[in-house]
Amino acid sequence: MTHSVPATDIAHAAAQLKAGELVAFPTETVYGLGADASNADAVRKVFAAKGRPANHPLIVHIGDAVQLADWARGISPAAHTLAQKFWPGPLTLVLKRNPRVPDAVTGGQDTVALRVPSHPVAQALLRKFGGGVAAPSANRFGRVSATTAAHVHEEFGDSVACVLDGGAADVGIESTIVDCTRDTPVLLRPGWITPQQIEAALGAPLAAPDARAPRVSGTLDKHYAPQTPLMLMEGDLINELAHSLNRQGKRVAALARTSLRPLVDGLVWLAAPADAAGYAHDLYANLRKLDHAGCDAILVEQPPDDAQWVAIRDRLNRAAAGSGEAEGS
Ligand code: TXA
Ligand code: MG
């Protein structure tokens, strides 16, 4: 549920951004860790706080599509169409960069990622601040994204002083990213807005990423990962595997989507919503809860194959690939 934030807190946060400090803020997808996108020193603080390599570029958040030309150049008709159709909302467009965008934001690439978030607190902050806010998801590199202010505190403790609490993020997973720098737009990261919706808006198919597609850190194989090893499987295998792990003295946690029930003693069990919107909304909070349960393994029921579940499957596959390891936006 979205909370409102007092105007004085918004004014304080905007002043912090102007002063080159970091501000964590809610968006409709996940929380962002923001800095003034025109201030390279401030942007470098984001990389330091996250432990993120400098060559993984950040998304610049703007209050309104009219600011596009401040950050991008050579904006294609397709990009305008998508901006008009989906902004404000959970879509990020990769465009050719305006020369004023600092290298610190783009990782030195000739492109810039831009998004107009719809969350009322993000909107209020961006309007008050007036400029662009460079912000990755507010989690340490490779870890599970933050969908509440409490998650942001869990990730950064006191090192990020200004955290705006706008309640739990509505969508719950990161924005869909579309590269609009080439003749045919390319989907770089799946999100709540599906390729089908984008193709319908464009009236033309998207191209698949190829070797020339820009690097997207959210597409590293290991990502969005809890510390406890995570395995994806068909629902009817969960109890079976939990039983055999139990017999080896291991504690097991499970995230099930259907009407399955736990049949093994001591199994830590979370029932996830059966609909994609509810599942996505709760996904990262559920992974955090299961990660904190002190278990040796997290068993997750494979989500369905439908279009609206593609982004959820993507996040779970990366969580499974990266879980239990120190490495891993
Ligand atoms: O929903 C979201 O997109 C959230 C909220 C806070 O807006 N942000 C987010 O940021 O997920 P981050 O940094 O965790 O993921 C942004 C992705 C990264 O994978 C990055 O590599 C990619 O966007 N990206 C940024 N600039 C890019 C560019 N110029 N070209 C290609 N990919 C880019
Ligand atoms: Mg991220």
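Residues numbered from 1 in each chain as written. Chains lettered and ligands numbered in written order. Predicted model: local features only at pLDDT ≥ 70, side-chain atom pairs only at ≥ 80, totals over all residues. Heavy atoms only, no water.

## Some thoughts on the domain arrangement of the protein
In terms of domains, the protein is made up of domain 1 (7–202) and domain 2 (230–322). Each of domain 1 and domain 2 has a C-alpha centre, and the two are 29 Å apart. Tallying the contact residues gives 22 residues for domain 1 and 17 residues for domain 2. On inspection of domain 1 and its partner domain 2, the count reaches three salt bridges. For the pair domain 1 and domain 2, the number of links is 10 residue pairs in polar contact (both at pLDDT 80 or more). The element contributing the most residues to the side of domain 1 that touches domain 2 is helix H7 (residues 149–156), with three residues. (Domains from an automatic or database assignment. Contact = heavy atoms within 4.5 Å. Salt bridge = Lys/Arg side-chain N within 4 Å of Asp/Glu carboxyl O. Polar contact = N/O pair within 3.5 Å; in protein donor to acceptor, adjacent residues only side chain to side chain. Helix = DSSP H or I, 4+ residues; strand = E, 2+ residues; numbered from the N terminus.)

## Section: the layout of surface pockets
Taken as a whole, the largest pocket holds about 170 Å³ of empty space. Those elements giving two or more residues to the lining of the largest pocket turn out to be H7 and helix H10 (276–291). For the lining of the largest pocket, the leading source of residues is H10, giving three residues. Residue composition of the lining of the largest pocket, grouped by class: four nonpolar, two polar and six charged. Residues lining the lining of the largest pocket come from more than one domain, with at least three contributed by each of domain 1 (7–202) and domain 2 (230–322). (1 Å grid on protein atoms, 1.4 Å probe; cavity = no way out; pocket = protein on both sides within 12 Å on 5 of 7 lines; lining within 4 Å. Points joined across faces, edges and corners; volume = space filled by probe spheres on them. Nonpolar A, V, L, I, M, F, W, Y, C, P; charged D, E, K, R; others polar.)

## Details of the pairing of strand S10 (residues 186–189)
Sheet topology note: the strand S9 (residues 176–179)/S10 ladder contains three bridges and is antiparallel. Paired with Ile177 across the strands is Arg189, a residue of S10. (Pairing = 2+ DSSP bridges.)

## Quick notes on the pairing of strand S14 (residues 297–301)
By the criterion of burial, S14 is predominantly enclosed, with five of the five residues buried. Here S14 shows no split at all, with Ala297, Leu299 and Glu301 on one side and Ile298 and Val300 on the other all buried. Where strand S11 (residues 230–233) lies against S14, four bridges are found, and the strand directions are parallel. In the strand pairing of S14, Met233 is matched with Glu301. The pairing of strand S12 (residues 252–256) with S14 spans four bridges and is parallel. (Buried < 20%, exposed > 50% of the residue type's maximum accessible area, 1.4 Å probe, protein only.)

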